[in-house]
Amino acid sequence: MADALLQIDDLSAGYGEAVVLTGISLTLAEGRTLALLGRNGTGKTTLINTLAGATRQHGGRIVLGGVELSRQASHRRAAAGIGWVPQERNIFKSLTVHENLTAVARPGHWTPERVYAMFPRLAERKGNLGTQLSGGEQQMLAVARALVLNPRLLLLDEPLEGLAPIIVEELLRVIRRITQDDGLAAIIVEQHPQAVLAISDDAAVLDQGRLVHTARADVLRTQPEVLDRLLGVAR
Ligand SMILES: Nc1ncnc2c1ncn2[C@@H]1O[C@H](COP(=O)(O)OP(=O)(O)OP(=O)(O)O)[C@@H](O)[C@H]1O
């Protein structure tokens, strides 16, 4: 696809000499959300980390908005438009919420004020240190921090993991707004498919480091037998 925002061609990557991902080819158009699914240990995090520049790429190409990212360091990828929310959240715990945002903010649509409007809980906790936040608030801050980078592509690695149901609802609502109303492209990794398929346009399933299925999210949602075969869950 000539006008794809993200183009991945025949990617292989892993850790040191170990190859985890093989032959991954995928495109994502501007403004679309991709649900990246797969059983435990199939390479979802490795793919996200590879896009963010945190693994060893063994072959293939990653192109974002016409810029080849493959050999670029993580900070250059952030400048090129990758907003990464890693599984471990990685907020600066010794800084306040506000300092976490201002430390990384880049000019653009997403200012700290706009982010606070989206996450009223963070606005209330502006002066609190990272250590004083609940798990859900830390996750919101991790998403907020990626947003103020004003990325072209947001990478969310299991953003709902370990959170209370009420926080899950709140985060899903915000992620939906960011991706659907504001048109930011995103890749969301999740173990539990239904919630993420409901807010995604496209879906891709990994198995043993390979891409084994791509579909429209709304179609895959209605195919419990396919979900069961690919993920071992029908819900
Ligand atoms: N730092 C690392 N060094 C070496 N191997 C790793 C490392 N991280 C992950 N792996 C291996 O890479 C493979 C894919 O792991 P990955 O975390 O990408 O899977 P995943 O689909 O995200 O799983 P999960 O849902 O459990 O997080 C696994 O076999 C794992 O053991």
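On to the overall build of the chain. When its secondary structure is counted, the chain shows 10 helices and 10 strands. Taken over C-alpha atoms, the radius of gyration comes to 17 Å for the chain, in line with the 18 Å a tight globule of 235 residues would show. With respect to the three principal axes, the spread of C-alpha positions in the chain is 45 × 40 × 35 Å. Per-residue burial over the chain gives 40% buried out of 235 residues. Within the chain, counting contacts between residues at least 6 apart in sequence, those at least 24 apart form 67% of the total.

Ranked by internal contacts, the top residues of the largest apolar core, which has 63 residues, are Ala-35, Leu-36, Ala-144, Leu-155 and Ala-203. It is helix α6 (residues 135-147) that provides the largest number of residues to this core, a total of seven residues. Discounting chain neighbours no more than four positions away, the residues touching Ala-35 are Ile-188, Glu-190, Pro-193, Val-196, Leu-197, Ser-200, Ala-203 and Ala-217.

Attention shifts here to the confidence of the model for the chain. Scored by pLDDT, the chain comes out at a mean of 93, with 98% of its residues at no less than 70. Overall fold confidence (pTM) sits at 0.94, and the ipTM for the predicted complex is 0.95.

Now for the environment of Gly-66. Along the chain, Gly-66 turns up in the loop between β4 (56-64) and β5 (67-68). With 10 C-beta atoms counted inside 10 Å, the residue Gly-66 sits in the exposed group. Along the chain, Gly-66 and Asp-218 lie 152 residues apart, while their C-alpha atoms are 29 Å from each other.

Over its 17 residues, helix α7 (residues 165-181) runs 23 Å from end to end, which matches the ideal 24 Å to within 8%, given 1.5 Å per residue. Listed in full, the buried residues belonging to α7 are Leu-171, Ile-175, Ile-178 and Thr-179. Burial along α7 is one-sided: seen end-on, the buried residues are contained in an arc of 85°. In this structure, α7 carries Pro-165, Ile-166, Arg-173 and Asp-181 as exposed residues pointing more than 90 degrees from its buried face. Tucked into the core, α7 has its buried residues touching β3 (33-37), α6 and β8 (185-189).

Here four strands make up an open sheet; going across it, the order is β2-β1-β4-β5 and the pairing antiparallel. Since the sheet does not close on itself, it has two edges, and those belong to β2 (18-29) and β5, each with one partner. Across two bridges, the pairing between β4 and β5 is antiparallel. In the sheet register, Val-63 faces β5, and the bridge partner there is Glu-68.

This brings us to the site of the ligand. With respect to spatial proximity, the complete set of residues near the ligand consists of Tyr-15, Ala-18, Val-20, Gly-38, Asn-40, Gly-41, Thr-42, Gly-43, Lys-44, Thr-45, Thr-46 and Gln-191. Mapped by element, the contributors of at least two residues to the shell around the ligand are β2 and α1 (44-52). Here the shell around the ligand gets three residues from one element, more than from any other, and that element is α1.

Cut-offs and rules
Residues numbered from 1 in each chain as written. Predicted model: local features only at pLDDT ≥ 70, side-chain atom pairs only at ≥ 80, totals over all residues. Helix = DSSP H or I, 4+ residues; strand = E, 2+ residues; numbered from the N terminus. Rg over C-alpha atoms; globule rule 2.2 N^0.38 Å. Buried ≥ 20, exposed ≤ 12 C-beta atoms within 10 Å, placed from the backbone. Contact = placed C-beta atoms within 7 Å. Core = buried A, V, L, I, M, F, W, Y, C linked by C-beta atoms within 7 Å. pLDDT = per-residue confidence, 0-100. Expected span 1.5 Å × (residues − 1). Arc of directions from axis to C-beta. Pairing = 2+ DSSP bridges. Near = placed C-beta within 6 Å.

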